[in-house]
Amino acid sequence: MLTYVIRRILILIPMALIISFLVYLGLELTPGDAVSHMISPEMMASISAERLDALRVSLGLEQPFIVRYWIWLQGMLQGNFGYSTAGGVAIHAILADRLPATLELSAVALVFSTIFGCVLGVISALKRGSTTDNVLTVTGMLGVSIPEFFFGLVAILIFALKLQWLPVGGRLLPGYDSYWDHLPHVIMPALVLSIMMTAGVMRYARSSMLDALSKEYIKTARSKGLPEWRVNLLHGFRVALTPVIVLIGFRLPVLIGGSVIIEQVFQWPGVGSEFISAVRSQDYPLVMMIALLSVMAVLTASLLVDILTALIDPRVRLDK
Amino acid sequence: MPRPIRQRLKTAYADIQKYENEELDTIPLYYQQLFIYESNRVNRNGHGYGNEQYNYDWGIVDWTVEPDADGKKVLYTNTAPAQFFEQPWLNLGIWIHNKVVFDHLLVADGSLTSFSPQLAESYNVSEDGMTVSFTLRDGLTWHDGSPLTVEDVAWSIKTAMMIPTVNPVVSNTIHSIEGADAYSDGSADDVSGIALDGNTITLTFAKLDPNVLLTFSQFAPLPAKYFPDIDPLQIQQSSFWQKPIGSGPFMVKEVKMNDFTTMVPFPDYFGGVAKIDEIVAFPSGDGDGNLLKNAGAHKADYGFTKNTADVSALEDMDFMKVTPADIPYTRMMWINHYPMK
Amino acid sequence: MTQDQDVALSVKNLKTFFYTNKRCNKAVNGVSFDIKKGKTLCIVGESGCGKSVTASTIMQLLPTLSRIEEGEITYHSENGDIRIDQLERNGEKMRSIRGSEIAMIFQDPMTALNPVYTIGFQISESLKYHTDLTRTQYKTRAIELLRDMGISLPESRVDDYPHSYSGGMRQRAMIAMAMSCSPKILIADEPTTALDVTIQAQIFELMDTLKKEHGTAIMLITHDMGVVAELADEVAVMYMGNIVEAGTVDEVLRNPTHPYTRALLASIPVLGKGKHQDITAIPGSTPDPYDRPNGCQFADRCAYRIDACDVMPEETQIGRTHRVMCWRHEEVGANAAE
Ligand SMILES: Nc1ncnc2c1ncn2[C@@H]1O[C@H](COP(=O)(O)OP(=O)(O)OP(=O)(O)O)[C@@H](O)[C@H]1O
Ligand code: SF4
Ligand SMILES: [Mg+2]
């Protein structure tokens, strides 16, 4: 198992390299560059080429693509994440600022959706065909199929604009002094994100649970005279858990990358909304860093999922 | 853009400008409208409206806002930064910090046609228009308490000469100053057309620029001491722009990038201390996607928009008032107007 | 009602119906039999005739859409008779019988064991609910059971997961689990169908030993007439939800009086009779369980069919232990004697 984990971690390196190169290439292929974003087209025409080139040189944009990539990579290897092209802010500082916001939102949603998704999914499966099951199933379908932004806007309309219980967006308010002061801000985005994520987990848990309950070993467990809770939870849910863990594991990257849409809708100053504006302004170093972080998060999550599955399901072996 | 094409575009643009200037009387002037919205909590106390994309004499110091439950007068607006404060020479009046944190030598009226002194106590334009001098008020200070001097103004002008990210009107004016080209291409160490004398800065122009006064009603001097040894091209990358220090009626108090920025009255402002206790600005560009949401939640007391859909929605909110402002504007399409070679 | 002293469980006129899509499947339609202490009752019949449903009914392990319509299931426990059919399905009383008084092993040991728990854990679950053993004793007992069932190195295998067991070992582990609380009755539903022949023989041998040593009553469900001849003390032949013929092995195998039993016997090769045997498959196929004939269920496939067969034949007692459901059992029996 240890060698497997080490090997998987080693594989991450070439994968990260390839992906980082592709992202860089993708940025290169989009029209314009950071300078063309800084200066409006009208001004562009009145500025001499020399001056623009000087600006490019000062931002290190004049080098050929591959050289720039190489410089960026060297910086990364030395633990220097670089500076945002647009504003010159150190990228680690930007991330240090945005990551807590994203974590705060996503962690709430992840924990909430895991717990409620599993509980509701199991109830739904155990009461299969009942009104409870039908209500939950329909709700779950809605939850999965309604786009996040729509759900978010409806929530804002009702709770912020009509009822005025909660703020429309943002994370902190001027004059806050403790974490709890901004609790009202996190409630709505976290709940909206949670509910959307819960719906997915619930549907998954339900079908996985139904699958487990139809297995012969459930009958064996009953034939041993075990109480129903033990049959359903220890024998049914324990087995049903594996695919649910996989689903949740693959959602872990949201902790790092944030939910781009929810962050936009709720003006949440997290990594997701930062990414959008960085892409818009072709801020290569920032885009690269966030993309790379997300990729690493995805790869790590998949490794984590593998390890967890192996821990949970003795049939899965990692040391091959 | 490949260089030859850009060169051609540039020449063409210059030709068009020349033609425009020659034919000024015959060119139709278009109006675009811009809409200033205000909540009913805000009172301009008699100050008028103007071209909100620029800086004009809007009397923010006299504005009042209905106090909130704590008795605090807070004005909510937008155009706060997401990652850094943009330096004020590019998009002159778009950002709230350009409007309230930085002052200018002159102040324009709402239509940007007549000017009066602001940081300057007085100004003088020579008969031929080739020499312009500004005398600063006595005892001006930056928000950090250090004196605002003609050296700061000169440094700002010279720095702006070196960088492309400057509004074209401003850029045109400062490049018309005598010795500007030699300075910006590195062949001279100083600008021969800038002379300092006590509290007075005198600019001598190599070519006549009709927009000098407009420029200096929009061009914000910066405190030079925060930019020691800076490569002018990298000015935007300076850490100064995480929490800038200006000379305007409000100073930046708290910045949560991409979340909010607060500004409070500058107690030593020469024009008196502003009556509003705090400005809270939420991040946005000049088009604010969250405007309606924030307005609905009473978190947009002032701002401007060009989005007509937003305007009609704002007008439907009984606590919002929308005032249109005309912005004279020429924009034409030229077809086969310049040689194709 | 006279009852043999050594009857462990008796089933009377049991009817279990399934309801799917508003249609009714009379999967078990009035069966009666006794399971006796220290004896093996074999239930044979074609696929779908209701063998497993009968077994599940006794254990009250029926799916939700089915129910006992009629009849009695009486477990003659040491503390008096218990009417299983009247117990709540997963109620406390029923659970206390399951696993400790009546245990069951299933057809496919691959799927009947939970893949995520060790064999030891799965055995100790029974012990936890039916014995006073302590946690530490579970393991010793599990090892003992595994050893008794013929698993080598039980000390280490007890902590293994099912996937590292072979098919035969899993079935032994299943039997170990079933036998862990020394049940009075063991119901085995085709316990060897999924295993290869040599392993089959070992498993049956094991069951036979248990029967002899512990006096366990066994209900063995099988398709295999060879197994019946080998292991059974009594046989019940089922067809479409009915027991069409029942009796001792001798009675049923040597003197079959139902055309279906005869056809069943003719359709299997008998060991030792040589290569050139007359094997005849039963013609036709079983009727649609949702659309059963009114009379004798076997009528469509029966060579002896007469008009009277359009009415359900009654059960006739033709010996003290031998009974049959056929209008023409006398002719069939006479034919068999030839
Ligand atoms: N879970 C169920 N849902 C619906 N019908 C069922 C179910 N289980 C069994 N039946 C029906 O009950 C009847 C008897 O099935 P049963 O499983 O008892 O047959 P069997 O004799 O055990 O056959 P096999 O030899 O294939 O195991 C069949 O018609 C079958 O379709
Ligand atoms: S009752 Fe008639 S049809 Fe049925 S088995 Fe007997 S002879 Fe055949
Ligand atoms: Mg069966």
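Residues numbered from 1 in each chain as written. Chains lettered and ligands numbered in written order. Predicted model: local features only at pLDDT ≥ 70, side-chain atom pairs only at ≥ 80, totals over all residues. Heavy atoms only, no water.

- Under an unreviewed UniProt entry, chain B has the name ABC transporter substrate-binding protein and belongs to Devosia algicola.
- Reading the Subcellular location (unreviewed entry) entry of the UniProt record for chain B gives the comment "Periplasm".
- Entered under Sequence similarities (unreviewed entry) in the UniProt record, the comment concerning chain B runs "Belongs to the bacterial solute-binding protein 5 family." (UniProt positions renumbered as here; feature names shortened; annotations may be inferred.)

- By the naming in an unreviewed UniProt entry, chain A goes by ABC transporter permease and is assigned to Devosia algicola.

Some remarks on the environment of Trp 229 of chain A
At step 1: Take Trp 229 of chain A: it is sitting in helix H11 (residues 228–249).
At step 2: Its relative accessible area of 48% is what places Trp 229 of chain A among the partly exposed residues. (Helix = DSSP H or I, 4+ residues; strand = E, 2+ residues; numbered from the N terminus. Buried < 20%, exposed > 50% of the residue type's maximum accessible area, 1.4 Å probe, protein only.)

A closer look at the interface of chain C and chain A
At step 1: Between chain C and chain A, the contact holds 28 residues from the first and 22 residues from the second.
At step 2: Each partner contributes to the roughly 2400 Å² buried at the junction of chain C and chain A, and carbon and sulfur atoms together form 60% of this total.
At step 3: The tally of links between chain C and chain A comes to 2 salt bridges.
At step 4: Measuring nitrogen to oxygen at the nearest pair gives 3.0 Å for the salt bridge that ties Glu 125 of chain C to Lys 224 of chain A.
At step 5: Linking chain C with chain A are 12 residue pairs in polar contact (both at pLDDT 80 or more), by the criterion used here.
At step 6: Those elements giving two or more residues to the side of chain C that touches chain A turn out to be helix H1 (51–59), strand S6 (102–105), helix H3 (109–112), helix H4 (119–130) and helix H7 (167–179) of chain C.
At step 7: Sorting elements by how many residues they give to the side of chain C that touches chain A places H4 of chain C first, with 7 residues. (Contact = heavy atoms within 4.5 Å. Buried area = accessible area lost by both parts, 1.4 Å probe. Salt bridge = Lys/Arg side-chain N within 4 Å of Asp/Glu carboxyl O. Polar contact = N/O pair within 3.5 Å; in protein donor to acceptor, adjacent residues only side chain to side chain.)

Points about the site of ligand 1
Residues and elements named next belong to chain C.
At step 1: Within the structure, ligand 1 sits among 15 residues, and Ser 47, Gly 48, Lys 51, Ser 52 and Val 53 are positioned closest to it.
At step 2: Between an oxygen atom of ligand 1 and a main-chain N or O atom of Val 53, the distance comes to 2.9 Å.
At step 3: Coverage of ligand 1 by the protein chains reaches 68% of its 630 Å² of free accessible surface.
At step 4: Where the shell around ligand 1 is concerned, the elements lending two or more residues are strand S2 (23–36) and H1.
At step 5: The element contributing the most residues to the shell around ligand 1 is H1, with 3 residues.
At step 6: The class makeup of the residues in the shell around ligand 1 is 6 nonpolar, 6 polar and 3 charged. (Near = heavy atom within 4 Å. Areas by Shrake-Rupley, 256 points an atom, 1.4 Å probe, with all protein chains shown as cover. Nonpolar A, V, L, I, M, F, W, Y, C, P; charged D, E, K, R; others polar.)

Looking at the site of ligand 2
At step 1: Neighbouring residues of ligand 2: His 258, Pro 259, Cys 296, Ala 299, Cys 302, Tyr 304, Cys 309, Pro 313, Cys 326 and Trp 327 of chain C.
At step 2: Among the residues forming the shell around ligand 2, the class breakdown is 9 nonpolar, 1 polar and no charged.

Re the sheet that holds strand S4 (residues 74–80) of chain B
Residue and element names in this part refer to chain B.
At step 1: As summarised here, the arrangement of the 4 strands in space is S4-S13-S12-S11, forming an open sheet in which the pairing is mixed. Of all the strands in the sheet, the pair left with one neighbour each is S4 and strand S11 (250–256). Shown here is a sheet whose adjacent strand axes are inclined to one another by a mean of 25 degrees, direction ignored.
At step 2: Across 3 bridges, strand S12 (residues 260–265) lies against strand S13 (residues 278–283) in antiparallel orientation. Counterpart to Thr 262 in the pairing with S13 is Val 280. (Pairing = 2+ DSSP bridges. Axes fitted to C-alpha atoms, helices over the stretch in contact; angles between N-to-C directions.)

Some thoughts on the arrangement of the chains
At step 1: Across the 2 pairs of chains that are in contact, the largest number of contacts falls between chains A and B.
At step 2: At their nearest point, the C-alpha atoms of chain B and chain C are still 48 Å apart, with no contact between the two.

Section: the UniProt feature "transmembrane region" (unreviewed entry) in chain A
Residue and element names in this part refer to chain A.
At step 1: The positions that UniProt labels "transmembrane region" (unreviewed entry) are, in the present scheme, residues 9–27, 105–126, 138–166, 186–205, 239–266 and 286–312.
At step 2: Structurally, residues 105–126 comprises 100% helix and 0% strand, and the distance from its first C-alpha atom to its last is 31 Å.
At step 3: Across residues 186–205, helical content stands at 100% and strand content at 0%; the span's end C-alpha atoms are separated by 27 Å.

Considerations on the confidence of the model for chain B
Residue and element names in this part refer to chain B.
At step 1: For chain B, the mean per-residue pLDDT works out to 87, and 91% of the residues sit at or above 70.
At step 2: Taken element by element, chain B is modelled with least confidence in helix H1 (residues 3–22), mean pLDDT 71, and with most confidence in strand S10 (residues 200–204), mean pLDDT 95.
At step 3: This prediction of the complex comes with two scores: 0.75 for pTM and 0.86 for ipTM. (pLDDT = per-residue confidence, 0-100.)

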